[in-house]
Amino acid sequence: MSGGRVTCVLLVSVAIAVIGGSFQYGYNISVVNAPAKIIQEYFFEGESCDVNGTSIVQQNNATDYTSSYANDSVKTTCEIVLTPAELLIWSVTVSIYTVGGMFGAFMTGILVGIFGSGAIMMACSKPADSIALLIIPRFMLGVYAGLATGVVPMYIGEISPKQYRGAVMALNQLLITVGLLAGQVLSLTEIIGTPELWNLLLAFTCVPSLIELAVLPFCPESPRCLLIDKKDEDAARDALKRLRGTSDVEAEIDEMKNEASADSAESQMSVLQILRDRTIRWQIYTVCVIQIGQPLTGINAVFFYLNTILETAQVDPDSRNYISVGVGVYNVLLTIVSVSVIEKAGRKPLLFWGWAVATGSHVLLTLSLSLLHVSPAMQYISIVSVFIFITGFAIGPGPICWILTAEMFRQSARPAALSLGCGLNWFFNVVVALVFPFMQRFMNQYVFLVFLIVSAVVTAYIGMVVEETKNQTFQEISRKFERRNGVKVDLEEEEEMKPLK
(Lines give C-alpha, C1' and ligand atoms only; values in the text may rest on other atoms or scores of the structure.)
Protein backbone atom coordinates (compact mmCIF):
# COMPACT_ATOMS: atom_id res chain seq x y z
CA MET A 1 0.00 0.00 0.00
CA SER A 2 1.62 3.27 -1.05
CA GLY A 3 1.52 6.55 0.73
CA GLY A 4 2.36 5.35 4.24
CA ARG A 5 6.13 5.89 4.35
CA VAL A 6 8.08 9.05 5.02
CA THR A 7 11.22 8.59 2.91
CA CYS A 8 14.56 10.37 2.80
CA VAL A 9 13.75 11.79 -0.65
CA LEU A 10 10.48 13.24 0.65
CA LEU A 11 12.17 14.75 3.71
CA VAL A 12 14.97 16.32 1.65
CA SER A 13 12.54 17.69 -0.94
CA VAL A 14 10.32 19.27 1.72
CA ALA A 15 13.31 20.56 3.70
CA ILE A 16 14.99 22.24 0.75
CA ALA A 17 11.71 23.83 -0.34
CA VAL A 18 10.98 25.36 3.07
CA ILE A 19 14.60 26.37 3.76
CA GLY A 20 15.00 28.10 0.41
CA GLY A 21 11.54 29.68 0.42
CA SER A 22 9.76 29.85 3.78
CA PHE A 23 12.89 30.53 5.88
CA GLN A 24 13.82 33.44 3.60
CA TYR A 25 10.37 34.96 3.98
CA GLY A 26 10.57 34.99 7.77
CA TYR A 27 14.20 36.10 7.98
CA ASN A 28 13.72 39.17 5.82
CA ILE A 29 10.65 40.25 7.79
CA SER A 30 12.38 40.31 11.19
CA VAL A 31 15.94 41.22 10.24
CA VAL A 32 15.27 44.99 10.06
CA ASN A 33 13.56 45.19 13.46
CA ALA A 34 16.41 45.21 15.99
CA PRO A 35 18.99 47.20 13.95
CA ALA A 36 16.38 49.75 12.81
CA LYS A 37 17.80 52.55 14.99
CA ILE A 38 21.36 51.79 13.88
CA ILE A 39 20.38 51.89 10.20
CA GLN A 40 18.31 55.04 10.67
CA GLU A 41 21.22 56.76 12.45
CA TYR A 42 23.54 55.78 9.61
CA PHE A 43 21.42 57.12 6.75
CA PHE A 44 19.23 59.86 8.22
CA GLU A 45 19.89 63.29 9.69
CA GLY A 46 16.75 63.44 11.83
CA GLU A 47 15.18 66.51 13.44
CA SER A 48 16.51 66.80 16.96
CA CYS A 49 16.98 64.86 20.14
CA ASP A 50 17.23 65.63 23.82
CA VAL A 51 20.60 65.18 25.50
CA ASN A 52 20.06 65.51 29.22
CA GLY A 53 17.24 67.95 28.58
CA THR A 54 19.04 70.02 25.91
CA SER A 55 17.68 69.97 22.37
CA ILE A 56 20.30 69.51 19.64
CA VAL A 57 20.11 69.08 15.88
CA GLN A 58 21.30 65.71 14.66
CA GLN A 59 24.52 65.55 12.66
CA ASN A 60 24.39 64.45 9.03
CA ASN A 61 27.43 62.21 9.41
CA ALA A 62 26.57 58.85 10.90
CA THR A 63 29.97 58.46 12.56
CA ASP A 64 29.69 61.83 14.30
CA TYR A 65 26.23 60.94 15.56
CA THR A 66 27.30 57.55 16.85
CA SER A 67 30.31 59.02 18.60
CA SER A 68 28.03 61.16 20.74
CA TYR A 69 27.12 57.97 22.57
CA ALA A 70 30.53 57.72 24.26
CA ASN A 71 29.03 59.03 27.50
CA ASP A 72 26.64 56.51 29.07
CA SER A 73 24.35 59.23 30.41
CA VAL A 74 24.00 60.59 26.89
CA LYS A 75 23.30 57.13 25.46
CA THR A 76 20.22 56.71 27.59
CA THR A 77 18.58 59.97 26.54
CA CYS A 78 19.69 60.71 22.96
CA GLU A 79 17.65 59.15 20.17
CA ILE A 80 17.15 60.03 16.54
CA VAL A 81 13.80 61.57 15.60
CA LEU A 82 12.96 61.09 11.92
CA THR A 83 11.43 63.89 9.91
CA PRO A 84 8.14 63.01 8.12
CA ALA A 85 10.07 62.59 4.84
CA GLU A 86 12.63 60.32 6.49
CA LEU A 87 9.89 58.31 8.19
CA LEU A 88 8.30 57.79 4.77
CA ILE A 89 11.64 56.62 3.30
CA TRP A 90 12.13 54.23 6.21
CA SER A 91 8.59 52.90 5.84
CA VAL A 92 9.30 52.29 2.15
CA THR A 93 12.59 50.54 3.04
CA VAL A 94 10.73 48.16 5.35
CA SER A 95 7.60 47.70 3.25
CA ILE A 96 9.27 47.42 -0.19
CA TYR A 97 9.94 43.79 0.67
CA THR A 98 6.19 43.18 0.75
CA VAL A 99 5.69 45.20 -2.45
CA GLY A 100 8.09 42.81 -4.17
CA GLY A 101 6.22 39.93 -2.56
CA MET A 102 2.96 41.11 -4.06
CA PHE A 103 4.51 41.09 -7.54
CA GLY A 104 6.19 37.74 -6.93
CA ALA A 105 2.90 36.18 -5.84
CA PHE A 106 1.56 36.65 -9.37
CA MET A 107 4.68 35.33 -11.12
CA THR A 108 5.55 31.82 -12.27
CA GLY A 109 8.83 29.89 -12.21
CA ILE A 110 11.39 29.64 -9.42
CA LEU A 111 13.65 32.69 -9.38
CA VAL A 112 16.12 31.55 -6.75
CA GLY A 113 19.05 33.14 -8.57
CA ILE A 114 17.74 36.60 -7.72
CA PHE A 115 19.00 36.20 -4.17
CA GLY A 116 22.67 36.28 -5.08
CA SER A 117 22.61 39.79 -6.52
CA GLY A 118 20.21 41.06 -3.86
CA ALA A 119 22.38 39.94 -0.95
CA ILE A 120 25.52 41.44 -2.53
CA MET A 121 23.79 44.80 -3.05
CA MET A 122 22.66 44.94 0.58
CA ALA A 123 26.19 44.12 1.76
CA CYS A 124 27.40 47.10 -0.30
CA SER A 125 24.76 49.53 0.98
CA LYS A 126 26.89 50.62 3.93
CA PRO A 127 30.22 51.32 2.13
CA ALA A 128 28.27 52.99 -0.68
CA ASP A 129 26.33 55.07 1.90
CA SER A 130 23.15 54.56 -0.14
CA ILE A 131 19.80 53.52 1.28
CA ALA A 132 18.73 52.76 -2.31
CA LEU A 133 21.00 49.71 -2.10
CA LEU A 134 18.74 48.51 0.71
CA ILE A 135 15.47 49.34 -0.98
CA ILE A 136 16.21 47.77 -4.40
CA PRO A 137 17.40 44.35 -3.18
CA ARG A 138 14.64 44.13 -0.57
CA PHE A 139 12.20 44.53 -3.45
CA MET A 140 13.99 41.75 -5.34
CA LEU A 141 13.98 39.50 -2.29
CA GLY A 142 10.28 40.21 -1.86
CA VAL A 143 9.57 39.10 -5.44
CA TYR A 144 11.04 35.69 -4.72
CA ALA A 145 9.42 35.44 -1.29
CA GLY A 146 6.02 36.22 -2.81
CA LEU A 147 6.55 33.52 -5.38
CA ALA A 148 7.72 31.06 -2.70
CA THR A 149 4.65 31.61 -0.51
CA GLY A 150 2.55 30.22 -3.35
CA VAL A 151 4.89 27.61 -4.82
CA VAL A 152 6.22 26.05 -1.60
CA PRO A 153 2.84 25.10 0.00
CA MET A 154 1.61 23.78 -3.34
CA TYR A 155 4.73 21.70 -3.98
CA ILE A 156 5.09 20.16 -0.51
CA GLY A 157 1.33 19.53 -0.35
CA GLU A 158 1.32 17.71 -3.69
CA ILE A 159 4.31 15.46 -2.91
CA SER A 160 3.09 14.49 0.59
CA PRO A 161 0.96 11.44 1.52
CA LYS A 162 -2.54 12.66 2.36
CA GLN A 163 -2.39 11.34 5.94
CA TYR A 164 0.62 13.59 6.59
CA ARG A 165 -0.26 16.44 4.25
CA GLY A 166 -1.45 18.90 6.90
CA ALA A 167 1.58 18.38 9.13
CA VAL A 168 4.00 18.60 6.20
CA MET A 169 2.38 21.76 4.88
CA ALA A 170 2.53 23.29 8.36
CA LEU A 171 6.32 23.02 8.06
CA ASN A 172 6.02 25.94 5.64
CA GLN A 173 4.89 28.17 8.52
CA LEU A 174 7.36 26.54 10.94
CA LEU A 175 10.32 27.54 8.75
CA ILE A 176 8.87 31.06 8.43
CA THR A 177 8.95 31.30 12.23
CA VAL A 178 12.47 29.83 12.31
CA GLY A 179 13.49 32.50 9.80
CA LEU A 180 11.91 35.18 11.97
CA LEU A 181 13.84 33.86 14.98
CA ALA A 182 17.12 33.64 13.05
CA GLY A 183 16.77 37.29 12.04
CA GLN A 184 16.12 38.29 15.64
CA VAL A 185 19.02 36.28 17.09
CA LEU A 186 21.61 37.34 14.50
CA SER A 187 20.58 40.99 14.90
CA LEU A 188 21.55 41.04 18.58
CA THR A 189 24.42 43.44 19.26
CA GLU A 190 26.40 40.53 20.71
CA ILE A 191 26.37 38.86 17.28
CA ILE A 192 26.22 40.98 14.09
CA GLY A 193 23.51 43.55 14.84
CA THR A 194 26.13 46.26 15.35
CA PRO A 195 26.93 49.59 13.66
CA GLU A 196 29.92 47.89 12.01
CA LEU A 197 28.26 44.65 10.82
CA TRP A 198 24.56 45.37 10.15
CA ASN A 199 25.11 45.21 6.37
CA LEU A 200 26.40 41.63 6.69
CA LEU A 201 23.34 40.81 8.77
CA LEU A 202 21.15 41.78 5.82
CA ALA A 203 23.41 39.90 3.36
CA PHE A 204 23.14 36.61 5.30
CA THR A 205 20.05 35.82 3.26
CA CYS A 206 22.30 34.44 0.49
CA VAL A 207 23.31 31.41 2.62
CA PRO A 208 20.03 29.42 2.40
CA SER A 209 19.77 30.46 -1.25
CA LEU A 210 23.09 28.80 -2.06
CA ILE A 211 21.95 25.65 -0.24
CA GLU A 212 18.76 25.55 -2.30
CA LEU A 213 20.60 26.14 -5.56
CA ALA A 214 22.90 23.21 -4.80
CA VAL A 215 20.22 20.67 -3.80
CA LEU A 216 16.98 21.64 -5.59
CA PRO A 217 17.97 20.20 -9.02
CA PHE A 218 18.11 16.71 -7.47
CA CYS A 219 14.60 16.86 -5.96
CA PRO A 220 11.70 15.23 -7.86
CA GLU A 221 8.99 17.24 -9.58
CA SER A 222 5.47 17.04 -8.18
CA PRO A 223 3.90 13.79 -9.49
CA ARG A 224 0.49 15.46 -9.55
CA CYS A 225 1.84 18.25 -11.74
CA LEU A 226 3.54 15.75 -14.05
CA LEU A 227 0.44 13.60 -14.52
CA ILE A 228 -2.40 16.14 -14.49
CA ASP A 229 -0.73 19.21 -15.97
CA LYS A 230 2.01 17.74 -18.18
CA LYS A 231 0.19 14.48 -19.05
CA ASP A 232 3.37 12.46 -18.39
CA GLU A 233 2.20 9.39 -16.46
CA ASP A 234 5.54 7.57 -16.62
CA ALA A 235 7.45 10.53 -15.17
CA ALA A 236 4.78 10.94 -12.49
CA ARG A 237 5.05 7.25 -11.56
CA ASP A 238 8.86 7.45 -11.36
CA ALA A 239 8.72 10.59 -9.18
CA LEU A 240 6.14 8.97 -6.90
CA LYS A 241 8.28 5.85 -6.52
CA ARG A 242 11.22 8.00 -5.42
CA LEU A 243 9.07 9.93 -2.94
CA ARG A 244 7.34 6.87 -1.45
CA GLY A 245 10.30 4.47 -1.53
CA THR A 246 8.18 1.71 -3.08
CA SER A 247 6.99 0.55 -6.49
CA ASP A 248 3.43 0.11 -5.18
CA VAL A 249 2.10 3.55 -6.13
CA GLU A 250 -0.85 2.61 -8.32
CA ALA A 251 -3.48 3.66 -5.77
CA GLU A 252 -2.15 7.24 -5.78
CA ILE A 253 -1.72 7.19 -9.56
CA ASP A 254 -5.38 6.12 -9.91
CA GLU A 255 -6.50 8.92 -7.57
CA MET A 256 -4.58 11.44 -9.68
CA LYS A 257 -6.11 9.98 -12.85
CA ASN A 258 -9.59 10.45 -11.36
CA GLU A 259 -8.80 14.08 -10.64
CA ALA A 260 -7.31 14.47 -14.12
CA SER A 261 -10.48 12.97 -15.61
CA ALA A 262 -12.63 15.42 -13.66
CA ASP A 263 -10.45 18.26 -14.96
CA SER A 264 -10.11 16.88 -18.49
CA ALA A 265 -12.37 19.49 -20.02
CA GLU A 266 -10.43 22.32 -18.39
CA SER A 267 -6.94 23.67 -18.94
CA GLN A 268 -5.12 25.55 -16.20
CA MET A 269 -7.38 28.38 -15.08
CA SER A 270 -6.32 32.00 -14.72
CA VAL A 271 -7.09 34.24 -11.76
CA LEU A 272 -9.85 35.96 -13.76
CA GLN A 273 -11.37 32.60 -14.65
CA ILE A 274 -11.54 31.37 -11.06
CA LEU A 275 -13.11 34.67 -10.02
CA ARG A 276 -15.87 34.09 -12.60
CA ASP A 277 -16.36 30.38 -11.85
CA ARG A 278 -19.51 29.97 -9.75
CA THR A 279 -18.65 26.34 -8.94
CA ILE A 280 -15.82 27.48 -6.64
CA ARG A 281 -17.17 30.81 -5.43
CA TRP A 282 -17.24 29.89 -1.72
CA GLN A 283 -13.68 28.62 -1.91
CA ILE A 284 -12.74 31.98 -3.44
CA TYR A 285 -14.65 33.87 -0.72
CA THR A 286 -12.82 31.83 1.91
CA VAL A 287 -9.40 32.44 0.34
CA CYS A 288 -10.09 36.18 0.23
CA VAL A 289 -11.23 36.32 3.86
CA ILE A 290 -8.38 34.29 5.37
CA GLN A 291 -5.60 35.70 3.18
CA ILE A 292 -6.68 39.30 3.76
CA GLY A 293 -7.39 38.54 7.41
CA GLN A 294 -3.98 36.98 8.11
CA PRO A 295 -1.84 40.13 7.58
CA LEU A 296 -4.60 42.26 9.12
CA THR A 297 -4.27 40.33 12.37
CA GLY A 298 -1.21 42.56 12.72
CA ILE A 299 1.38 39.77 12.73
CA ASN A 300 3.90 41.49 10.49
CA ALA A 301 3.30 44.82 12.22
CA VAL A 302 4.34 43.06 15.43
CA PHE A 303 7.52 41.61 13.91
CA PHE A 304 8.47 44.61 11.75
CA TYR A 305 8.01 47.05 14.61
CA LEU A 306 8.18 44.91 17.77
CA ASN A 307 10.89 47.06 19.37
CA THR A 308 8.83 50.19 18.67
CA ILE A 309 5.80 48.56 20.31
CA LEU A 310 7.93 47.69 23.34
CA GLU A 311 9.17 51.29 23.39
CA THR A 312 5.53 52.45 23.50
CA ALA A 313 5.05 50.09 26.46
CA GLN A 314 8.00 51.85 28.17
CA VAL A 315 10.09 48.67 28.28
CA ASP A 316 13.75 49.19 29.20
CA PRO A 317 15.82 49.67 25.98
CA ASP A 318 18.38 47.04 26.99
CA SER A 319 15.60 44.44 27.31
CA ARG A 320 13.76 45.04 24.04
CA ASN A 321 15.89 42.92 21.70
CA TYR A 322 15.89 40.01 24.15
CA ILE A 323 12.11 40.15 24.51
CA SER A 324 11.92 40.12 20.70
CA VAL A 325 14.04 36.97 20.65
CA GLY A 326 11.81 35.46 23.35
CA VAL A 327 8.77 36.17 21.18
CA GLY A 328 10.53 34.49 18.25
CA VAL A 329 11.39 31.38 20.29
CA TYR A 330 7.82 31.17 21.58
CA ASN A 331 6.48 31.52 18.04
CA VAL A 332 8.63 28.60 16.85
CA LEU A 333 7.59 26.39 19.79
CA LEU A 334 3.88 27.07 19.28
CA THR A 335 4.18 26.37 15.56
CA ILE A 336 5.81 23.02 16.39
CA VAL A 337 2.79 22.28 18.59
CA SER A 338 0.50 23.17 15.68
CA VAL A 339 2.43 20.84 13.35
CA SER A 340 2.08 17.99 15.86
CA VAL A 341 -1.67 18.34 16.45
CA ILE A 342 -3.02 19.54 13.11
CA GLU A 343 -3.92 16.05 11.82
CA LYS A 344 -5.69 15.22 15.10
CA ALA A 345 -7.43 18.50 15.88
CA GLY A 346 -8.34 19.41 12.30
CA ARG A 347 -7.97 22.64 10.35
CA LYS A 348 -11.18 24.43 11.27
CA PRO A 349 -10.97 24.22 15.11
CA LEU A 350 -7.36 25.42 15.15
CA LEU A 351 -8.14 28.23 12.73
CA PHE A 352 -11.24 29.36 14.64
CA TRP A 353 -9.70 29.31 18.12
CA GLY A 354 -6.42 30.75 16.88
CA TRP A 355 -8.18 33.79 15.47
CA ALA A 356 -10.39 34.08 18.55
CA VAL A 357 -7.31 34.16 20.81
CA ALA A 358 -5.68 36.78 18.56
CA THR A 359 -8.84 38.90 18.84
CA GLY A 360 -8.76 38.72 22.65
CA SER A 361 -5.05 39.61 22.73
CA HIS A 362 -5.73 42.84 20.81
CA VAL A 363 -8.30 43.83 23.44
CA LEU A 364 -5.80 43.17 26.23
CA LEU A 365 -2.93 44.93 24.44
CA THR A 366 -5.01 48.05 23.76
CA LEU A 367 -6.19 48.22 27.38
CA SER A 368 -2.72 47.67 28.84
CA LEU A 369 -1.12 50.35 26.62
CA SER A 370 -3.96 52.75 27.49
CA LEU A 371 -3.45 52.24 31.24
CA LEU A 372 0.33 52.58 31.40
CA HIS A 373 -0.09 55.84 33.32
CA VAL A 374 -2.21 54.07 35.94
CA SER A 375 0.25 51.33 36.90
CA PRO A 376 3.78 50.32 35.84
CA ALA A 377 2.53 46.71 35.88
CA MET A 378 0.67 47.43 32.64
CA GLN A 379 3.91 47.23 30.65
CA TYR A 380 4.22 43.59 31.74
CA ILE A 381 0.62 42.93 30.76
CA SER A 382 1.32 44.43 27.33
CA ILE A 383 4.24 42.00 26.90
CA VAL A 384 2.00 39.12 27.97
CA SER A 385 -0.55 40.32 25.40
CA VAL A 386 2.04 39.99 22.63
CA PHE A 387 2.76 36.41 23.72
CA ILE A 388 -0.97 35.61 23.80
CA PHE A 389 -1.29 37.03 20.29
CA ILE A 390 1.58 34.84 19.09
CA THR A 391 -0.16 31.84 20.69
CA GLY A 392 -3.31 32.40 18.67
CA PHE A 393 -1.52 33.17 15.42
CA ALA A 394 0.95 30.28 15.63
CA ILE A 395 -1.68 27.57 16.20
CA GLY A 396 -4.17 28.81 13.62
CA PRO A 397 -3.87 31.65 11.08
CA GLY A 398 -0.10 31.20 10.65
CA PRO A 399 0.11 27.69 9.19
CA ILE A 400 -3.49 26.86 8.29
CA CYS A 401 -4.29 29.75 5.93
CA TRP A 402 -1.70 28.42 3.48
CA ILE A 403 -2.83 24.83 3.95
CA LEU A 404 -6.50 25.60 3.30
CA THR A 405 -5.71 27.71 0.25
CA ALA A 406 -3.78 24.83 -1.29
CA GLU A 407 -6.33 22.16 -0.30
CA MET A 408 -9.66 23.67 -1.33
CA PHE A 409 -9.24 23.55 -5.12
CA ARG A 410 -8.95 20.98 -7.88
CA GLN A 411 -5.70 20.84 -9.87
CA SER A 412 -6.86 23.12 -12.69
CA ALA A 413 -7.77 25.94 -10.28
CA ARG A 414 -5.15 25.44 -7.54
CA PRO A 415 -2.22 27.47 -8.99
CA ALA A 416 -4.47 30.45 -9.80
CA ALA A 417 -6.13 30.24 -6.36
CA LEU A 418 -2.73 30.23 -4.65
CA SER A 419 -1.64 33.13 -6.81
CA LEU A 420 -4.77 35.07 -5.84
CA GLY A 421 -4.42 34.23 -2.15
CA CYS A 422 -0.72 35.09 -2.04
CA GLY A 423 -1.28 38.30 -3.98
CA LEU A 424 -3.96 39.45 -1.54
CA ASN A 425 -1.84 38.44 1.44
CA TRP A 426 1.17 40.35 0.18
CA PHE A 427 -0.85 43.40 -0.86
CA PHE A 428 -2.22 43.82 2.64
CA ASN A 429 1.23 43.13 4.06
CA VAL A 430 2.34 46.13 1.98
CA VAL A 431 -0.48 48.22 3.42
CA VAL A 432 0.33 47.24 7.01
CA ALA A 433 4.10 47.69 6.66
CA LEU A 434 3.77 51.06 4.94
CA VAL A 435 0.93 52.52 7.00
CA PHE A 436 1.55 51.08 10.48
CA PRO A 437 4.31 53.59 11.51
CA PHE A 438 1.98 56.48 10.68
CA MET A 439 -0.99 54.74 12.33
CA GLN A 440 1.08 54.25 15.46
CA ARG A 441 2.25 57.86 15.48
CA PHE A 442 -1.30 59.24 15.21
CA MET A 443 -3.40 56.54 16.92
CA ASN A 444 -0.87 55.66 19.63
CA GLN A 445 -2.13 52.81 21.82
CA TYR A 446 -5.40 52.53 19.90
CA VAL A 447 -3.67 51.33 16.72
CA PHE A 448 -4.49 47.68 17.51
CA LEU A 449 -8.24 48.34 17.43
CA VAL A 450 -8.07 48.07 13.62
CA PHE A 451 -6.58 44.58 13.89
CA LEU A 452 -9.09 43.66 16.60
CA ILE A 453 -12.10 44.43 14.37
CA VAL A 454 -10.69 42.47 11.42
CA SER A 455 -9.82 39.47 13.60
CA ALA A 456 -13.31 39.39 15.12
CA VAL A 457 -14.96 39.42 11.66
CA VAL A 458 -12.71 36.62 10.37
CA THR A 459 -13.38 34.52 13.47
CA ALA A 460 -17.13 34.74 12.85
CA TYR A 461 -16.71 33.84 9.15
CA ILE A 462 -14.65 30.75 9.97
CA GLY A 463 -17.21 29.56 12.47
CA MET A 464 -20.07 29.87 9.98
CA VAL A 465 -18.53 29.01 6.59
CA VAL A 466 -15.19 27.19 6.55
CA GLU A 467 -15.28 23.43 5.86
CA GLU A 468 -13.02 20.83 7.49
CA THR A 469 -10.48 19.32 5.06
CA LYS A 470 -8.59 16.89 7.29
CA ASN A 471 -7.77 13.43 5.83
CA GLN A 472 -9.49 14.09 2.50
CA THR A 473 -8.21 14.01 -1.06
CA PHE A 474 -8.18 17.21 -3.11
CA GLN A 475 -11.11 15.88 -5.14
CA GLU A 476 -13.17 15.07 -2.05
CA ILE A 477 -12.57 18.53 -0.64
CA SER A 478 -13.67 20.11 -3.91
CA ARG A 479 -16.87 18.07 -3.89
CA LYS A 480 -17.57 19.07 -0.28
CA PHE A 481 -17.73 22.73 -1.29
CA GLU A 482 -20.01 21.96 -4.23
CA ARG A 483 -22.99 21.74 -1.89
CA ARG A 484 -22.43 25.29 -0.61
CA ASN A 485 -21.80 26.50 -4.17
CA GLY A 486 -25.19 25.13 -5.24
CA VAL A 487 -23.71 22.48 -7.53
CA LYS A 488 -25.65 19.21 -7.67
CA VAL A 489 -23.70 16.15 -6.49
CA ASP A 490 -24.99 12.79 -7.76
CA LEU A 491 -25.49 9.76 -5.50
CA GLU A 492 -22.41 7.92 -6.74
CA GLU A 493 -20.25 10.86 -5.86
CA GLU A 494 -21.90 11.05 -2.44
CA GLU A 495 -20.92 7.42 -1.84
CA GLU A 496 -17.32 8.18 -2.85
CA MET A 497 -17.24 11.11 -0.44
CA LYS A 498 -17.61 9.09 2.72
CA PRO A 499 -14.98 10.37 5.18
CA LEU A 500 -11.68 8.56 5.47
CA LYS A 501 -11.03 6.73 8.71
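Small disclaimer: the values here were computed from a predicted structure and weren't measured. Numbering of residues starts from 1 in every chain and runs along the sequence as written. At least 70 in pLDDT is required for a residue's local features to be given in this predicted model, at least 80 for side-chain atom pairs to be given and counted, and no such filter applies to totals for whole chains, interfaces and linings, which use all residues. Computation of side-chain values covers all heavy atoms of the structure but excludes hydrogens and water.

1. Examining the overall build of the chain
Check the secondary structure of the chain and you find 25 helices and two strands. Three labels apply to residues, based on accessible area from a 1.4 Å probe with only protein chains included: buried if under 20% of the type maximum, exposed if over 50%, partly exposed otherwise in between. Relative to its full complement of 501 residues, the chain shows a buried share of 57%. Look at the contacts in the chain between residues 6 or more apart in sequence, and 80% of them connect residues 24 or more apart. Each accessible area is a Shrake-Rupley estimate made with a 1.4 Å probe; only the visible protein chains count as cover when residues are assessed. Taken as a whole, the chain presents about 20000 Å² of accessible surface, with 65% of it coming from carbon and sulfur. Note on conventions: DSSP H or I runs of at least 4 residues are helices, E runs of at least 2 residues are strands, and numbering of each starts at the N terminus. Two residues form a contact once any of their heavy atoms are found within 4.5 Å.

2. Examining unusual backbone geometry
A positive phi angle, close to 60°, is found at Lys-231, a residue other than glycine. Positionally, Lys-231 belongs in the loop between α11 (223–229) and α12 (233–244). Among the residues examined, Lys-231 registers a relative accessible area of 61% and is labelled exposed.

3. Observations concerning the confidence of the model for the chain
Every residue gets a pLDDT, meaning the predictor's confidence in that residue, from 0 to 100. Of the residues in the chain, 79% have a pLDDT of 70 or more, and the chain-wide mean is 76. A low-confidence stretch, residues 108–129 stays under pLDDT 50, and its non-local contacts, those more than four residues away or across chains, total 57 contacts. Considering only residues more than four positions removed or in separate chains, one finds that residues 489–501, a stretch of pLDDT under 50, has 17 contacts.

4. Digging into helix α21 (residues 397–407)
Counting buried positions over the eleven residues of α21 gives eleven, a clear majority of the element. Buried residues of α21: Pro-397, Gly-398, Pro-399, Ile-400, Cys-401, Trp-402, Ile-403, Leu-404, Thr-405, Ala-406 and Glu-407, and no others.

5. So, the nonpolar core
Side-chain atoms within 4.5 Å link the members of a nonpolar core, which is a set of buried Ala, Val, Leu, Ile, Met, Phe, Trp, Tyr and Cys residues. Formed by 75 residues in total, the largest nonpolar core has its most connected members in Ile-156, Ile-274, Leu-351 and Phe-409. For Ile-274, the contacting residues outside a window of four places in its chain are Met-269, Ile-280, Ile-284, Ala-413, Ala-416, Ala-417 and Leu-420.

6. Overview of the packing of helix α8 (residues 165–186) against helix α18 (residues 317–345)
Remark: α8 packs on α18, axes separated minimally by 9 Å, with the N-to-C direction vectors making an angle of 175°. Taken together, α8 and α18 sit at an angle that is classed as roughly antiparallel. Any residue that is not Ala, Val, Leu, Ile, Met, Phe, Trp, Tyr, Cys, Pro, Asp, Glu, Lys or Arg is counted as polar, Gly included; the first ten are nonpolar and the last four charged. In terms of residue class, the contact of α8 with α18 is built from 14 nonpolar, eight polar and two charged. Fitted lines through C-alpha atoms serve as axes, helices being fitted only where they are in contact, and the angles separating the N-to-C directions of these axes extend from 0 to 180 degrees. For this classification, under 35 degrees means roughly parallel, over 145 means roughly antiparallel, 65 to 115 means roughly perpendicular, and everything else is oblique.

7. Quick notes on the packing of aromatic side chains
Working definition: rings of Phe, Tyr and Trp (its six-membered ring) pair if their centres are within 6.5 Å, and the pair is stacked with planes under 30 degrees apart, edge-to-face with planes over 60 apart, and tilted otherwise. Enumeration according to the criterion identifies nine aromatic pairs in this entry. Through pairs of rings, three or more aromatic residues link up here, namely Phe-23, Tyr-27 and Phe-204.

8. Observations concerning helix α15 (residues 281–293)
For a helix, the expected span equals 1.5 Å multiplied by the residue count minus one. In a regular helix each residue adds 1.5 Å, so 13 residues correspond to 18 Å; α15 covers 18 Å between its end C-alpha atoms and thus fits that length. Where α15 is buried, its residues contact α14 (271–276), α19 (347–370), α21, α22 (414–443), α23 (448–464) and α24 (474–484).

9. Here we look at the environment of Ser-385
One can find Ser-385 in helix α20 (residues 378–395). Distance in space between the C-alpha atoms of Ser-385 and Ser-361 is 5.3 Å, their sequence separation being 24 residues. Apart from residues no more than four positions distant in its own chain, Ser-385 is found in contact with Ser-361, Leu-364, Leu-365 and Ser-368. Polar contacts here mean pairs of N or O atoms no more than 3.5 Å apart (in protein, one a potential hydrogen donor and the other a potential acceptor; neighbouring residues in sequence count only if both atoms are side-chain atoms). One polar contact links the side chain of Ser-385 to the main-chain carbonyl oxygen of Ile-381, over a distance of 2.8 Å.

10. Brief notes about the pattern of salt bridges
Whenever Lys or Arg places a side-chain nitrogen within 4 Å of a carboxyl oxygen from Asp or Glu, that contact is recorded as a salt bridge. Following the criterion strictly, the structure yields ten salt bridges and no others. Put simply, Glu-158 and Arg-414 hold a salt bridge, and the shortest N to O gap is 3.1 Å. One end of the pair, Glu-158, is in helix α7 (residues 132–159); the other, Arg-414, is in helix α22, with 256 residues separating them in the sequence. Two residues, Arg-347 and Glu-407, come together in a salt bridge whose shortest N-O distance is 2.7 Å. Separated by 60 residues along the polypeptide, Arg-347 in helix α19 and Glu-407 in helix α21 bring together distant segments of the chain. Via salt bridges that share partners, Glu-233, Asp-234, Arg-237, Glu-250 and Lys-257 belong to a single interconnected network.

11. Concerning the environment of Arg-138
Take Arg-138: it is sitting in helix α7. For Arg-138, a relative accessible area of 2% translates into the label buried. Through-space distance from the C-alpha of Arg-138 to that of Asn-28 is 8.1 Å; in sequence the pair is 110 residues apart.

12. What about the side chain of Glu-407?
Among the residues examined, Glu-407 registers a relative accessible area of 0% and is labelled buried. In this view, Glu-407 contacts Arg-165, Arg-347, Thr-469, Phe-474 and Ile-477; residues no more than four positions away in its chain are not counted.

13. Examining a nonpolar patch on the surface
A contiguous nonpolar patch, built from Val-363, Leu-367, Leu-371 and Val-374 and spanning about 330 Å² of accessible area, is present on the exposed surface. With respect to the helices and strands, Val-363 occurs in helix α19. In this structure Val-363 comes out as partly exposed when scored by relative accessible area, which is 36%. Patch members must show over 30% relative accessible area and no salt bridge, and they are joined within 9 Å when carrying like charges or within 5 Å when they are nonpolar side chains of Val, Leu, Ile, Met, Phe, Trp or Tyr.

14. Some points on the environment of Met-439
When you line up the elements, Met-439 lands in helix α22. Overall, the relative accessible area of 18% leaves Met-439 in the buried class. Taking C-alpha positions, Met-439 is 9.8 Å from Val-450, a pair spaced eleven residues apart along the chain. With sequence-adjacent residues up to four places away left out, Met-439 is seen in contact with Asn-444, Val-447 and Val-450.

15. Structural notes on the packing of α21 against α22
Put simply, α21 and α22 touch, their axes get as near as 8 Å, and they point 150° apart. As judged from the angle between their axes, α21 and α22 are roughly antiparallel. On the side of α21, the interface is formed by Trp-402, Thr-405 and Ala-406, while α22 contributes Arg-414, Ala-417, Leu-418, Cys-422 and Asn-425. Residues of the contact of α21 with α22, tallied by class, amount to five nonpolar, two polar and one charged.

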